[in-house]
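Reading the structure
As a plain string of letters, each chain reads:
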Amino acid sequence: MWNLLLRKLKMGNLTEKGGNSLTQQKSSKLPSSFRQSLQARHLDCGSCNGCDWELTALGNSFYDHQHLGIDFVASPRHADVLMCTGPGSTQLLMAAHETYEAMAKPKWVVAVGDCAVDGGVFKGAYASENGIGNVLPVDVKIPGCPPKPEDIINALLEFMGKR
Amino acid sequence: MLGLREYLQNFHSCPSVEIVEWKKQEGTVDVSARDLPEILSYCLAMRPRPIWLTHVVNDERQLERGFCLYLVLHFPGLDFSLTLVAKGINNEFPTLSSIFPALNWSEREAQDLFGLQAVGHPDTRSLVLHPGWPQGFYPLRKDYKRGDEGKQFKRAPLVFPEMHGDGIFQVPVGPIHAGIIEPGHFRFYVIGEPVLHLEAQLFYTHKGIEKLVEGRSIDEGLHIIERVCGVCTLSHGLAYCEAVEKLAKVEVPRSVLLWRTILAELERVYNHIGDIGNMCAGVGFAVGNANGSQSKEKLQRLNLEFFGHRFLRGMVVPGGVKSISSSKDCQTLLNRLLEIALDFEEWLPLLLHHDGFRQRAVTTGVLKPEDAVEMGVTGPAARASGIANDWRELHAYLLYPELNVQSMVEEDGDVWSRLMVRVKETRESFRFLETLLNEGMEKSEGTNEALIPFSSHKLSPWQPAWGCVESPRGTDVVWLMVDEEAKIYRCRIRSASYANWPAVPLTVPGNIVPDFPLINKSFELCYSCCDR
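Residues numbered from 1 in each chain as written. Chains lettered and ligands numbered in written order. Predicted model: local features only at pLDDT ≥ 70, side-chain atom pairs only at ≥ 80, totals over all residues.

Notes on the nonpolar core
To keep it simple, the criterion reads: Each nonpolar core comprises buried Ala, Val, Leu, Ile, Met, Phe, Trp, Tyr and Cys residues, the members being joined through C-beta atoms within 7 Å. Partly exposed residues are those falling between the two cut-offs: more than 12 but fewer than 20 other C-beta atoms within 10 Å of their own, whereas 20 or more means buried and 12 or fewer means exposed, with C-beta atoms placed from the backbone. A run of DSSP states H or I qualifies as a helix once it reaches four residues; a run of E qualifies as a strand once it reaches two. Both are numbered from the N-terminal end. Here, residue contact means that the backbone-derived C-beta atoms of the two residues sit within 7 Å.
Counting 208 residues, the largest nonpolar core has A:Cys84, A:Val110, A:Val112, B:Ala86, B:Ala243, B:Val478 and B:Leu480 as its most contacted members. Here this core takes 14 residues from helix α8 (residues 254–281) of chain B, the largest share from any one element. What B:Leu480 contacts, discounting residues up to four positions off in sequence, is B:Ala243, B:Val244, B:Leu247, B:Ala465, B:Ile488 and B:Cys491.

Quick look at the structure:
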């Protein structure tokens, strides 16, 4: 126990500074009540798992999305934004629609990764759409294969008008 | 018992069995589909028992061979791989899954994607294609041209077994789960809290990658194959490149082998450490999870810094590796890895000595050794059930023979065993990386630039070739056939997750529903490379 505490003291705070400009506001399309805190729901629409792991990585001590007011919630009913990864695999589309429908308004859709933006390498596959934009109205696009965690954070902060 | 070759040569002294090729490590034998069950039974009775690498159906009607079935088995003691080829299948073949249940899914997949019937198969439900696709939609047949079938797809109810009795409930979960997870539908049949039976319906992320790569060049193919699975990117790419190099009959130089081994071990380390932390998330043990994800992030940052990609994408190319680091970089990389290894040993006791965590993990989700063998389970999941099947030990490839890899085995088959296998393998991998990077420091001059460009090699057309790599989740196999223009004719991806998923539902009955996330995380399978 003491060893672990000592280790923590030696290590210090790992979380990266820079995105923590809670007071600074720039222009944003979002209603003001969403600019400080954004609740996100992840939706895998046939991704290769890479983008999903980068979204998971946002929760580690280096990025710690919660200190920026961004959090992942378990239910679409609690979510403001739907973060979609993957090109939109056909067999999941109905469920994806239902997830979107279950969200309370106002709601936004973020396409995370090249596949979600335009189908990426999976463009033209028989059981896949060319990007989630064909199915849901996309508001923010984050390209990359997969986008790095800092790219995702930056895109979300920009969306919130914090950057 | 006769040796394998003698048995096949003397098979009913019948002309239907023909030994096409028999080398020291690989053999190809033409058989008729009718005789496959008998030959497979004979093979499975041999000791040590062979493992399956892949089962491929291919539409070769254009070559006047009908539909062909390729079954690749590996005989561990001999390090010999046998490809059984059954040509000229019209629309049905006798099932093998009643003899070897590991082939259950592959045969159902052949029914879905080729419209071939596996006669006598115990499960007639569709697998890869969910109910609701138009009639006569067999996308992997060569005469299929992409139409608007995707638009016509209407979701129909999934077919699950009925179960009746006092107090039996069904708990449907998914396909979309709470958290950042891939999609899959689970149907729990429960009495009170204990699970009686579990059905898993996967393939929600099925995109049709095996069809997509057909007709593509080798390089385009690699680009896609690397994206079959996010976290086993390198293993898939490497297995694909091995298959390509076999077709080109190219031997890669030692410096390339060295760097491929280093990359494969880096992938293992970041995955294993992440998975160890992730298991803590399965029981809501946040401190353990935080430490795991911290170390994983540090390792992925090393990947980015030294190899340009957090998931090591684009590092392996046919015939070589993209770049070879200088000896100064090797030294820095090694120092940083050793720091992370020390840090790992510092936080690990927190998990291993945590009573609450132990109580959740020990005796939970037991995979019986006999089930693991029958279902063809691979990777840490099999080794936790006492099966020493690490492909790095079974087969001489990359620099693993020199590293003298031993399968890390645990006996109990529960969540705790799967954790301990990963812990031991992580320690081993750090040790291997130290040896390998020390060699890298001495020999950073021998680069792959001296090689002739790979594109000048001619690939043998219409020949089957496979590549196989031990990924963090188990053995990944890529099977490849190209046409005369060196375009991909058929590529079959049998990932470790595909081999292991059918075994997961067997481990759940008897446990309570809240243990399922933990059991699932202890297997840590990927949905994407299973669904493709």
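Comments concerning the sheet that holds strand β10 (residues 195–201) of chain B
Residues and elements named next belong to chain B. We count it as follows: Note on pairing: DSSP must find at least two bridges between two strands before they are called paired. Lines fitted to the C-alpha atoms define the axes, with helices restricted to the stretch that makes contact. Angles between their N-to-C directions range from 0 to 180 degrees.
Strand order in this open sheet of three strands is β8-β9-β10, and the pairing throughout is antiparallel. The sheet is open, and its two borders are formed by β8 (168–173) and β10, each paired with just one other strand. Across the sheet, the mean angle separating the axes of adjacent strands is 15° when strand polarity is ignored. Sheet topology note: the β8/strand β9 (residues 185–191) ladder contains six bridges and is antiparallel. By the bridge assignment for β9, Gln170 is matched with Tyr189.

Considering the packing of α8(B) against helix α18 (residues 516–523) of chain B
Residue and element names in this part refer to chain B. The condition is simple: The scheme is simple: roughly parallel for angles under 35 degrees, roughly antiparallel for over 145, roughly perpendicular for 65 to 115, oblique for anything else.
Running from amino to carboxyl end, α8 crosses α18 at an angle of 175°, the nearest separation of the two axes being 8 Å. Classified by the angle their axes make, α8 and α18 are roughly antiparallel. Contacts from Asn278, Met279 and Ala281 in α8 reach Leu518, Lys521 and Ser522 in α18.

Some remarks on α18(B)
All names here are of chain B. Of all eight residues that make up α18, seven are buried, and the element is covered over most of its length. Restricting attention to buried positions, one finds in α18 the residues Phe516, Leu518, Ile519, Asn520, Lys521, Ser522 and Phe523. Positioned one or two residues after α18, Glu524 has a phi angle of 50°, which is positive.

Topic: the domain arrangement of chain B
Residue and element names in this part refer to chain B. Going by this rule: Either an automatic procedure or a domain database provided the assignment from which the domain bounds are taken. Under the convention adopted here, Pro, Cys and the residues Ala, Val, Leu, Ile, Met, Phe, Trp and Tyr are nonpolar, Asp, Glu, Lys and Arg are charged, and Gly plus all remaining residues are polar.
Taken domain by domain, chain B comprises domain 1 (4–128), domain 2 (168–201) and domain 3 (209–524). With centres defined by C-alpha atoms, the gap from domain 1 to domain 3 works out at 27 Å. The interface of domain 1 with domain 3 comprises 18 residues on the first partner and 20 residues on the second. Looking at the side of domain 1 that touches domain 3, the elements that each hand over two or more residues are β3 (51–59), β4 (67–75) and α3 (104–114). The biggest single contributor to the side of domain 1 that touches domain 3 is β3, with six residues. A breakdown of the residues in the side of domain 1 that touches domain 3 according to their chemical character gives 11 nonpolar, five polar and two charged.

As for the pairing of strand β15 (residues 488–494) of chain B
Burial analysis of β15(B) places seven of its seven residues in the buried class, which makes it a mostly covered element. Counting the residues that bridge the hairpin from strand β14 (residues 474–482) of chain B to β15(B) gives five residues, and of these B:Ala486 lies at a positive phi of roughly 60°.

Here we look at the environment of B:Phe186
Residues and elements named next belong to chain B. Following the sequence through the fold, Phe186 ends up in strand β9. It is 32 Å that separates the C-alpha atoms of Phe186 and Ala264, two residues lying 78 residues apart in sequence. Every residue in contact with Phe186, bar those within four places of it in the chain, is listed here: Val173, Gly174, Leu198 and Ala200.

Some details on the sheet that holds strand β5 (residues 80–89) of chain B
Residue and element names in this part refer to chain B. The five strands lie next to each other as β1-β2-β5-β4-β3, forming an open sheet whose pairing is mixed. At either margin of the open sheet sits one strand with a lone partner, and together these are β1 (18–22) and β3. Taken over all neighbouring pairs, the strand axes of this sheet differ in orientation by 15° on average, direction set aside. Of the strand pairs in this sheet, β4 and β5 are connected by eight bridges, and their pairing is antiparallel. Considered in β5, the bridge of Tyr70 is made with Val85. On top of the sheet, helix α2 (residues 36–45) reaches β2 (26–31), β4 and β5; it is set at about 170° to β5, its chief contact.

Considering the interface of chain B and chain A
For an interface, size is often stated in terms of accessible area lost upon the parts coming together. On the side of chain A, 41 residues touch chain B, which itself brings 40 residues to the contact. Sorting the residues of the side of chain B that touches chain A by element identifies α4 (149–152), α5 (209–212), α6 (218–225), α9 (286–307) and α10 (327–352) of chain B as the ones contributing at least two each. Its residues assigned to classes, the side of chain B that touches chain A comprises 19 nonpolar, 11 polar and 10 charged.

A word on unusual backbone geometry
Of note, the bond from A:Cys145 into A:Pro146 is cis; its omega dihedral lies within 30 degrees of zero at -15°. In this fold, A:Pro146 is placed in the loop between β5 (140–142) and α5 (149–159). For the bond from B:Arg47 to B:Pro48, the omega torsion is -5°, close enough to zero to count as cis. Locating B:Pro48 in the fold gives a position in the loop between α2 and β3. Unlike most non-glycine residues, B:Lys249 shows phi in positive territory, near 55°. Structurally, the position occupied by B:Lys249 is in the loop between α7 (233–248) and α8. If you check the backbone angles, B:Trp462 has positive phi at about 60° while not being a glycine. Tracing the sequence through the fold places B:Trp462 in the loop between α16 (415–442) and β13 (465–471).

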